[in-house]
Amino acid sequence: MFNFEIVIDSLPELAQAGWVTLQLLGVSLLAGLVVALPLGIARASDRRWLAWPVWCFTYVMRGTPMLVQLFLIYYGLAQFEFVRESMLWPWFSSAWFCALLAFTLNTGAYTAEIIAGAIRATPAGEVEAARSLGMSAWRVMSRIVLPSAMRRALPAYSNEVIMMLHGTSLASTVTIVDLTGAARELNARTYLPFESFLAVALIYLVLTFALVGLFRLAERRWLRHLGPRQTQPAAVGLAPSGAT
Amino acid sequence: MNRITSLIMQASVAMSMALFIAPSADAQAKKLRIGVEGAYPPFSEIDTSGNLKGFDIDITNALCAQMKRDCELVQLSFDGMIPALQSRKIDAVIASMSITDERRKAVEFSNKYYKTPARFVVKAGSKLELTPAGLKGKRVGVQRSTTHDRYIADTYKDAKIVRYTKQDEVFLDLASGRLDAAFLDSIAADIGFLKKPAGKGFAFAGPEIEDRKYFGDGAGVALRKSDTALRDEFNAAIAALRSNGTYKKIQDKYFDFDVYGSAPVAAGATAPAAAKPAASKK
């Protein structure tokens, strides 16, 4: 009933496509983080002129589907003569650049909101204490607020990373042969959609598990202070052998 | 409260009844669901008010009228046609699908209802040499899983093949300069692109290509392997449209030449259903 031979036969292509997916994910996440950090700080700022433009940006990026954003950048911009004549065309003519740009802006907007939320959740007392010690605003941000905010943001960010992994499948709509693109071509060649798409679904699943595992390690390392205390309560008062 | 619950109950019972009854009623009426593309002008496209139109669509309607069948047109992307056919989401495909030996392994075909050659389209005045060496590293756009896709993949191995889900997208990227060439059906290229404003500054290049190994015997109606009776019905209807002048009437709406192509396909071309080379596949 099922024919998984074709999947085995095309494993090299699938591996190549998996690498493409990972590259899309890695580059857009990295660039997105670079964009998101200043935007997140600005978004959490009390100064309206700083926070408001970022609110507009994240509102637009989070309020429209990533597929539409990708089509606007890839097909939409190419419609205009002045874009095609411009110096930027070598970049915008590349499907890779357009996909990475759309993904970066999208994940940048979501991540900025995650960071802003984590910054806002900083206990006011910590900030006040730092101020009273005479730290400048910049020092408070870099020494007190950001280190704890970035930790707090970790669980929400792990969700964003996994959503982005799945989001990269949209690259297949603009001629990039990522995992989903490879599945489409496998399907087109063999007319076996179940096997083709199941194979890449499994690969996505494995990648997701790997990412979840990585984040669990990171959380164990950086969010240790939020977990249950590791001390033995028995040692506190009852045990006579408590040497310390 | 009670009345609302009973109302919901009645509604759900009625709905499940409808679900059970529908298939058997369908078997009586034999409504044909036909897969069409809607993105392959002038054969199949969507007009400004959202309706399907084109040569394939008119032929489909004429065939259904000739066969006295009630037909429902289902719009699908081309690479989803054969899977949809096999999973019984549709009963036939009328989407300019070429009758090739490769596809014959998966589906049954009627006789052809038209046949046109394939050709390259490039920027007018382009010096591109249409040889395997000349297209090395060049970006050639094709619609995914078409005969043109296969031909380029096999013949121009060093070309950078860029595959699209829809022909329209190939045109968009050809016009914007993302592609060095496109390879496609000559009529689809001529009427769908070259004669439109977007196609200004582009032209055919190289000869018309009619390699039977790739392009087969023209476009036919694709059906499930088991539906041989339906195939015979379609064959009879195509022959009837050809002889009673309906075909010419439809064709003259779109073309100023005979798209049916030269010699009609030999009767033996539709291989007997008994020989099922696809049996090993599923």
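Use the structure listed above.
Residues numbered from 1 in each chain as written. Chains lettered and ligands numbered in written order. Predicted model: local features only at pLDDT ≥ 70, side-chain atom pairs only at ≥ 80, totals over all residues. Heavy atoms only, no water.

Trainee: Is there a simple way to think about the interface of chain A and chain B in this case?
Mentor: Interface size is commonly expressed as the accessible surface area that is lost when the partners come together. Of the residues lining the interface, 22 residues belong to chain A; the matching set on chain B comes to 22 residues. At the boundary of chain A with chain B, total buried surface from both sides reaches about 1900 Å², with 50% on carbon and sulfur atoms. Together, Tyr75(A), Thr175(A) and Tyr191(A) form the three largest contributors to the area buried by chain A at its contact with chain B, with a combined 35%. Linking chain A with chain B are one salt bridge. (Contact = heavy atoms within 4.5 Å. Buried area = accessible area lost by both parts, 1.4 Å probe. Salt bridge = Lys/Arg side-chain N within 4 Å of Asp/Glu carboxyl O.)

Trainee: Looking at this structure, I do not really get the nonpolar core. What am I missing?
Mentor: All names here are of chain B. With 89 residues, the main nonpolar core has Phe-55, Leu-63, Tyr-113, Tyr-114 and Phe-234 as its most contacted residues. Both domain 1 (23-115 + 217-274) and domain 2 (118-214) contribute no fewer than three residues apiece to this core. Among residues more than four places away in sequence, those in contact with Phe-234 are Leu-32, Ile-34, Leu-63, Met-67, Ala-92, Ile-94, Ser-110, Val-221 and Leu-223. Counting 18 residues, the second largest nonpolar core, distinct from the first, contains Leu-135, Tyr-156, Ala-181 and Ile-209. (Core = buried A, V, L, I, M, F, W, Y, C linked by side-chain atoms within 4.5 Å. Buried < 20%, exposed > 50% of the residue type's maximum accessible area, 1.4 Å probe, protein only. Domains from an automatic or database assignment.)

Trainee: Help me out: how do you make sense of the state of the cysteines in this one?
Mentor: Joining two cysteines, a disulfide is a covalent bond between their sulfur atoms. Residues and elements named next belong to chain B. Throughout the structure, instances matching the rule amount to one disulfide over all chains. In this model, Cys-64 is linked to Cys-71 through a disulfide, with the two sulfur atoms separated by 2.0 Å. The sign of the S-S torsion, about -95°, decides the handedness of the disulfide formed by Cys-64 and Cys-71: left-handed. (Disulfide = S-S within 2.5 Å.)

Trainee: Explanation requested: the pattern of salt bridges in the structure shown.
Mentor: Opposite charge on two side chains lets them pair, provided their charged atoms get close. Residue and element names in this part refer to chain B. Summed over all chains, the structure comprises 23 salt bridges over all chains. Its salt-bridge partner being Asp-217, residue Arg-104 comes within 3.6 Å of it at the nearest N-O pair. Placement of the pair is Arg-104 in helix H4 (residues 101-104) and Asp-217 in the loop between helix H8 (212-215) and strand E12 (219-223), with a sequence separation of 113 residues. For Arg-231, the salt bridge goes to Asp-232, with nearest N and O atoms at 3.1 Å. Members of the salt-bridge network, linked through shared partners, are Arg-33, Asp-91, Arg-224 and Asp-227. (Helix = DSSP H or I, 4+ residues; strand = E, 2+ residues; numbered from the N terminus.)

Trainee: Hey, could you run me through a positive patch on the surface in this one?
Mentor: Residues and elements named next belong to chain A. A cluster of like positive charges, contributed by Arg-151, Arg-216, Arg-220, Arg-221 and Arg-224, occupies part of the molecular surface. Among the elements that take part in the positive patch, helix H11 (residues 193-222) stands out by supplying three residues, more than any other. Relative to the assigned elements, Arg-224 resides in the loop between H11 and helix H12 (234-237). Taking the relative accessible area as the measure of exposure, Arg-224 reaches 61% and is therefore exposed. (Patch = residues over 30% accessible without salt bridge, like charges linked within 9 Å, V, L, I, M, F, W, Y side chains within 5 Å. Areas by Shrake-Rupley, 256 points an atom, 1.4 Å probe, with all protein chains shown as cover. Lys, Arg positive; Asp, Glu negative; His and termini not counted. Charge placed at Lys NZ, Arg CZ, Asp CG, Glu CD.)

Trainee: Please clarify how the environment of Leu214(A) should be interpreted in this entry.
Mentor: Residues and elements named next belong to chain A. Positionally, Leu-214 belongs in helix H11. For Leu-214, a relative accessible area of 54% translates into the label exposed. Between the C-alpha atom of Leu-214 and that of Ser-158, which follows or precedes it by 56 residues, the distance is 9.2 Å.

Trainee: Explanation requested: the pairing of strand E8 (residues 139-143) of chain B in the structure shown.
Mentor: Each regular strand carries side chains that alternate between the two faces of the sheet. Residue and element names in this part refer to chain B. With respect to burial, E8 is a largely interior element, four of its five residues being buried. Inspection of the sheet shows E8 paired to strand E9 (residues 160-164) by five bridges, in the parallel sense. The residue of E9 that forms the bridge with Val-140 is Ile-161. Regarding topology, helix H5 (residues 147-155) serves as the crossover connection from E8 to the parallel E9, and that connection is right-handed. In terms of strand pairing, E8 meets strand E10 (residues 181-185) through two bridges, oriented parallel. By the bridge assignment, Gly-141 is partnered in E10 with Ala-182. (Pairing = 2+ DSSP bridges. Right-handed = clockwise from strand over helix to strand, strands pointing away.)

Trainee: Teacher, can you tell me more about the packing of aromatic side chains here?
Mentor: Aromatic ring pairs are defined here through the distance separating the ring centres and the angle between the ring planes. Residues and elements named next belong to chain B. Within this structure, the stated rule accounts for 26 aromatic pairs over all chains. Members of the aromatic cluster, connected to one another through ring pairs, are Tyr-40, Phe-43, Phe-55, Tyr-113, Tyr-114, Tyr-247, Tyr-254, Phe-255, Phe-257 and Tyr-260. The ring of Tyr-247 has Arg-242 sitting right over it, with the charged end atom 4.7 Å from the ring centre. Over the ring of Tyr-260 we find Arg-242; its NZ or CZ atom is 3.9 Å from the centre of that ring. (Phe/Tyr/Trp six-rings, centres within 6.5 Å; stacked < 30°, edge-to-face > 60°. Lys NZ or Arg CZ within 6 Å of the ring centre and 35° of its normal.)

Trainee: Hey, could you run me through the side chain of Ser145(B) in this one?
Mentor: Along the chain, the position of Ser145(B) falls in the loop between E8 and H5. For Ser145(B), the contacting residues outside a window of four places in its chain are Ala188(A), Phe78(B), Asp79(B), Arg103(B) and Arg150(B).

Trainee: Hey, could you run me through a nonpolar patch on the surface in this one?
Mentor: The grouping of Phe2(A), Phe4(A), Phe194(A), Leu198(A), Leu202(A), Leu205(A) and Phe209(A) at the surface amounts to a nonpolar patch, some 700 Å² of accessible area in total. For Phe2(A), the position within the fold is in the segment before helix H1 (5-9).

Trainee: Can you help me understand the environment of Leu241(B) in this one?
Mentor: All names here are of chain B. Along the chain, Leu-241 turns up in helix H9 (residues 228-244). Leu-241 sits 175 residues away from Gln-66 along the chain, and the two C-alpha atoms are 7.7 Å apart. Leaving out residues up to four positions away in the same chain, Leu-241 has contacts with Ile-59, Ala-62, Leu-63, Gln-66, Thr-246 and Tyr-247.

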